Amino acid sequence: MIKTADSLADLMFAKEKPTRERLVVTPILNWKGQVKKGSGSVDLRLGCSFRIPKRSQLTDFDPLLESSYERESVKTLNEKDGKPRSRQSDLYIGIGGSLVLHPRQFVLGNTLEWIHLPSDLAAYVVGRSSWGREGLVIATATGVHPGYSGILTLELTNLGEIPLKLYPGIAIAQLFVHTVDAPRSGATEHSIFLGSTEAEGGNPISEEDLFKISHFRDSETQNKNPSL
Amino acid sequence: MQDTIAHRTIEYAKQRCQALSAEIENLQDKTYPSASPKTFLSFIKRANEVIKDYLDTIESNPDLLDPLTPEELELTVKRYCKLLPYLCYLLEYIEGSEVHSTPAALIRPLRRLLRRYLPKSDILFRCYPQLNYSFLPLARQLREVFKADVFQPCLQTLPDFFAVISFPKVESKNALLHCMVGHEIGHGLYQHKKLQDKLLPVQIDKEALESLASRIVSTESDGNNSSGEQHPTQTEADRFLSAKEWLTASLNKVLGNWVEELAADAFGIHIFGPAYFFAFINFVATVTLLRSSRDSHPAPNIRMRLMWDLLTPKDDKTGQSIGFDRAFDKTLVNFAEKWMQAASLGEPASGAIHQIAEKSITTSVVGRICSEVSNAIGESRYSVKKYEEDMPVLGDLIKNVIPPNEVVVDFEKQKTRNSDVVSILNAGWNVYLSEMQEFAKNLKLAYETNKLKCDERLNKVLLKAVELNEIKTRWDEIGND
């Protein structure tokens, strides 16, 4: 069941619950504006740190090359080329500054607010419709699991025709919170994003899958190579 | 020929100005965590423009140049151009002050903290490659170097008190360690409040001084003095007096440095509370020996004793603690006691002069330092009461991987209040020293095998708390205007 803004406020100030089991959205700069009475969500603001893909220095993103299984060989290759391995460059824009997002440009951003979900709540991040109408998509991976604690990374893309000027601090997204079945303490397993303090990229494939797929690929390569 | 040299000399000088101007523009495009680097950059830019205008003026005025000999011309041109290398040198401070070079989230709150004690002041925080923190007062130096009338409008852009505090770049993200800045701010306060006038000179231990002077004289008499110089007409009493005079001058210099360092430590404790003490131990334990003094700094064990005394005063009547330690849990008490025990063991400082200096820093001298610093800082110090109120709440948030930038003050009325950078860092130290197992557990990590990873996460959470706290504070301030 989706929680209304009123009950979200109650969950944030639930005195009887230990800190871990309270909903936290901090800071809320403007309570009346962000937690509107009767609405089904809390508005979230755009944070200050961004990660911009280094398009001119990369041929592609290959999740296999990002795995720990392949990391050593990647490192060797990069040392030979003398190229940095990082795929994105960091950009910090303080409140009052702005970022211009050009049509079809993709940038990682983050929410200004830190979100902490207790074990009985999950959430979805959705763009604000007024921004959506300008062509801005703020997130494609929108689920926030029970027990998560950290800022939320936003995948900002401008699908519109004209460049958009984004100011850190503006309300850009909405957090819909709902209850989950059979809550238990410590529901979330370790995630590399737990405790995130800035926009972070990650490998979309699990280490286990990467290991197995890499072995499939290696055996294919060996069969095709007549010298082996 | 003279005309060619004149014009060439001016042309070359203008090239230097042009290059400096291009570099200033380049630096103006970068992002800084506060306004101070750009204020300082604006001063450098205007000073450079003054020099360029001067060169343009003399270049376009042949009446000024023609009668000059080459030597006079050189002096005329260099009158201001000699400042160009200095302006270039000043740019170094800007280079390390960009957002990505510094612990950006901390810069504004630290400036805010400084202004609580020194209104109309500004500090440029920058990172540098040394594993050290340092303080450099610049305003007086700049006013001296740019004392010519033409530079006065440039100087007016700078605040009355302007200094540079440098952080170690490699520790840029270590929020906990940056409580060391309390000591550097302390240097600023010591100088600004002119505490040297109240605390110096320190009475030198007379017995130890005379004993060392006698030893020097007897060594000289034995012909073992390294210089081999002995004035044939000097009596032993003369030599004793001159040795004593030399020792007194050396000791006054050392004690002057030491008193400033100890006062800066006392300021550090008043500004940051126990967090400064813990940061000091964390930093000093890796870079210096506990009983090793230098001309510039007393041994860390002397400094720790002063800090611990300031942190743990006792009630005169009951003998009970009325200091921060009454709010420490067992782990923190054990930690502090072990370090204080380690600091009290072993031989005193090596080096005869340092040994006398140590003897001269008596309990009464330390008491005077603490009392003068306490008077200078007034009521705005970080109090035991605040520490006791904040630690349980903020610590609980951190343990649960939630930045402690604000705390609930009224559950019924749904009210929160902002915390502040000092409370956040103190709570961070409490968790770091006594509750990292719990923090790691909530990160779903095994602490024993992920210690450094957990430390890094803790520092990130603290920096985030400081950043969010500052944004909320500024947001509320605008609303109140």
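Residues numbered from 1 in each chain as written. Chains lettered and ligands numbered in written order. Predicted model: local features only at pLDDT ≥ 70, side-chain atom pairs only at ≥ 80, totals over all residues. Heavy atoms only, no water.

**Focus on the overall build of chain B**
Our working rule: We count a stretch as a helix when DSSP gives it H or I for four or more residues in a row; a strand needs E for two or more, and each element gets its number in order from the N terminus. Here the term buried applies to any residue with accessible area under 20% of the maximum for its type, exposed to any over 50%, and partly exposed to those in between, with areas from a 1.4 Å probe on protein chains only. In these tables, accessible area is a Shrake-Rupley quantity obtained with a 1.4 Å probe, and a residue counts as shielded only by the protein chains included in the view. When charges are counted, Lys and Arg contribute as positive and Asp and Glu as negative, whereas His and the chain ends are disregarded. Charged groups are reduced to one reference atom each: NZ for lysine, CZ for arginine, CG for aspartic acid, CD for glutamic acid.
Counting secondary structure elements, chain B contains 21 helices and 5 strands. Each principal axis of the C-alpha atoms in chain B carries an extent, and together these give about 85 × 75 × 45 Å. Counting across all 481 residues of chain B, residues that qualify as buried make up 50%. With the model as given, the accessible surface of chain B reaches about 23,000 Å², and the carbon-plus-sulfur share is 50%. For chain B, the distance from the average position of its 58 positive side-chain charges to the average position of its 65 negative side-chain charges is 5 Å.

**A word on the interface of chain B and chain A**
This is how it is decided: Note on contacts: a residue pair is in contact if any heavy atoms of the two residues lie within 4.5 Å. Put simply, buried area is how much 1.4 Å-probe accessible surface two parts lose in total, over both of them, once they are put together. We count a salt bridge whenever a side-chain nitrogen from Lys or Arg sits within 4 Å of a carboxyl oxygen from Asp or Glu.
Each side of the interface is counted separately: chain B has 32 residues, and chain A has 36 residues. Carbon and sulfur atoms supply 61% of the area that chain B and chain A bury against each other, a total of about 3,000 Å² over both sides. By the criterion of area lost to chain A, the three top residues of chain B are Phe411, Gln414 and Lys444 of chain B, representing 21% of everything that side buries. On the surface where chain B and chain A come into contact, there are 1 salt bridge. Between glutamate 438 of chain B and arginine 20 of chain A there is a salt bridge whose closest N-O contact spans 3.3 Å. When contributions to the side of chain B that touches chain A are tallied by element, the ones reaching two or more residues are helix 18 (384–399), strand 4 (406–410), strand 5 (415–418), helix 20 (436–442) and helix 21 (451–480) of chain B. Considering every element that reaches the side of chain B that touches chain A, the biggest residue donor is helix 21 of chain B, with 10 residues.

**Focus on the environment of lysine 38 of chain B**
Residue and element names in this part refer to chain B. Put simply, the rule is: Polar contacts, as used here, are pairs of N or O atoms within 3.5 Å; protein pairs need one atom able to donate a hydrogen and one able to accept it. Residues neighboring in sequence count only if both atoms are side-chain atoms.
For lysine 38, the location among the structural elements is in helix 2 (residues 36–59). Setting aside its immediate chain neighbours within four residues, lysine 38 contacts Gln28, Lys30 and Tyr32. Within the structure, lysine 38 has its side chain in polar contact with the backbone oxygen of glutamine 28 (distance 3.0 Å).

**With respect to the pattern of salt bridges**
Residue and element names in this part refer to chain B. For the structure shown, the criterion picks out 27 salt bridges over all chains. For aspartate 56, the salt bridge is made with lysine 52, and the minimal N-O distance between the two is 3.4 Å. One end of the pair, aspartate 56, and the other, lysine 52, are both in helix 2, 4 residues apart, so they sit about a helical turn from each other. According to the relative accessible area criterion, lysine 52 is partly exposed, its value standing at 30%. Residue arginine 112 pairs with glutamate 477 through a salt bridge whose shortest N-O separation is 2.6 Å. A residue pair is termed long-range when its members are at least 10 positions apart, and arginine 112 in helix 6 (residues 104–117) and glutamate 477 in helix 21 qualify at 365 residues.

**Description of the packing of aromatic side chains**
Spelled out, the test is: Note on aromatic pairs: the rings of Phe, Tyr and Trp (six-membered ring only in Trp) are paired at centre separations within 6.5 Å, and the planes decide the class, stacked below 30 degrees, edge-to-face beyond 60, tilted for the rest.
Under the counting rule described, the total for this entry stands at 27 aromatic pairs over all chains. Geometrically, the ring pair formed by phenylalanine 13 of chain A and tryptophan 31 of chain A is tilted, given 5.8 Å between the ring centres and 40° between the ring planes. One end of the pair, phenylalanine 13 of chain A, is in the loop between helix 1 (5–12) and strand 1 (24–26); the other, tryptophan 31 of chain A, is in helix 2 (residues 31–34), with 18 residues separating them in the sequence. An aromatic cluster of at least three residues, connected via ring pairs, comprises Phe277, Phe278, Trp308, Phe324, Phe328, Phe335, Trp339, Tyr382, Tyr387, Trp429 and Tyr432 of chain B.

**A look at the sheet that holds strand 12 (residues 171–179) of chain A**
Residues and elements named next belong to chain A. Basically, it comes down to this: When DSSP finds two or more bridges between a pair of strands, those strands are recorded as paired.
Taking strand neighbours across the sheet as the criterion, the 4 strands line up as 2-12-7-9 in an open arrangement whose pairing is antiparallel. Of all strands in the sheet, those with a lone pairing partner are strand 2 (42–45) and strand 9 (143–144), marking the two edges. Sheet topology note: the strand 2/strand 12 ladder contains 4 bridges and is antiparallel. Each bridged residue has a counterpart across the sheet, and for valine 42 the counterpart in strand 12 is leucine 175.

**Concerning the sheet that holds strand 3 (residues 161–168) of chain B**
Residues and elements named next belong to chain B. Applicable threshold: Here an axis means a line fitted to C-alpha atoms, over the contact stretch when the element is a helix, while the angle between two N-to-C directions is reported on a 0 to 180 degree scale.
In spatial order, the strands read 1-3-2; together these 3 strands make up an open sheet with mixed pairing. The two strands at the open ends of the sheet, each matched to only one other strand, are strand 1 (121–128) and strand 2 (134–137). Across the sheet, the mean angle from the axis of one strand to that of its neighbour is 20°, orientation sign disregarded. Where strand 1 and strand 3 come together, 8 bridges link them in parallel fashion. The partner of serine 121 across the bridge, within strand 3, is phenylalanine 161. Lying on the sheet, helix 2 is in contact with strand 1 and strand 3; it crosses strand 1 at an angle near 100°. The strands touched by helix 5 (residues 84–95) are strand 1, strand 2 and strand 3; relative to strand 1, the strand with the most contacts, the crossing angle is about 80°.

**Re the side chain of serine 293 of chain B**
Position of serine 293 of chain B among the secondary structure elements: in the loop between helix 13 (274–287) and helix 14 (300–311). At 3.3 Å, the side chain of serine 293 of chain B forms a polar contact with the side chain of glutamate 358 of chain B.

**Considering helix 1 of chain A**
All names here are of chain A. Operational definition: Comment: arc refers to directions from the helix axis out to C-beta atoms.
Every buried residue of helix 1 is accounted for by Ala5, Leu8, Ala9, Leu11 and Met12. Down the axis of helix 1, the buried side of the element spans an arc of 160°, and every buried residue falls inside it. Buried residues along helix 1 sit in contact with strand 1, helix 2, strand 2, strand 7 (121–127) and strand 12.

**Description of the domain arrangement of chain B**
Residues and elements named next belong to chain B. Where we set the bar: Residue ranges labeled as domains rest on an automatic or database domain assignment. Here the nonpolar group is Ala, Val, Leu, Ile, Met, Phe, Trp, Tyr, Cys and Pro; Asp, Glu, Lys and Arg are the charged ones; every other residue, Gly included, is treated as polar.
Under the domain assignment, chain B is made up of domain 1 (2–172), domain 2 (197–380) and domain 3 (384–480). Summarising the inter-unit geometry, the C-alpha centres of domain 1 and domain 2 are found 37 Å apart. Opposite the 7 residues of domain 1 that make contact, domain 2 presents 7 residues. Summed over both partners, the interface of domain 1 with domain 2 comes to about 560 Å²; 77% of that surface belongs to carbon and sulfur atoms. Sorting the residues of domain 1 by area buried against domain 2 places Leu113, Tyr117 and Leu131 first, and these three jointly supply 68% of that buried surface. The tally of links between domain 1 and domain 2 comes to 0 salt bridges. Joining domain 1 to domain 2, the criterion identifies 2 residue pairs in polar contact (both at pLDDT 80 or more). A class-by-class count of the residues in the side of domain 1 that touches domain 2 yields 5 nonpolar, 1 polar and 1 charged.

**Let's talk about helix 13 of chain B**
Residue and element names in this part refer to chain B. The condition that has to hold: Multiply 1.5 Å by the residue count of a helix minus one, and that product is the helix's expected span.
Taking 1.5 Å per residue, 14 residues should reach 20 Å; helix 13 reaches 20 Å between its end C-alpha atoms and fits that length. Most of helix 13 is tucked away, with 10 of its 14 residues classed as buried. Residues of helix 13 that are buried include every one of Pro274, Ala275, Tyr276, Phe277, Phe278, Ala279, Phe280, Ile281, Phe283 and Val284, and no others.

**Describing the confidence of the model for chain A**
All names here are of chain A. In plain terms, the rule: Per residue, pLDDT measures the predictor's confidence, with a range of 0 to 100.
Residues with a pLDDT of 70 or more make up 78% of chain A, whose mean pLDDT is 81. The least confident element of chain A is helix 4 (residues 68–81), whose mean pLDDT is 45; the most confident is strand 11 (residues 164–166), at 96. Contacts for the low-pLDDT stretch residues 69–84, under 50 throughout, to residues beyond four places or in other chains number 17 contacts.

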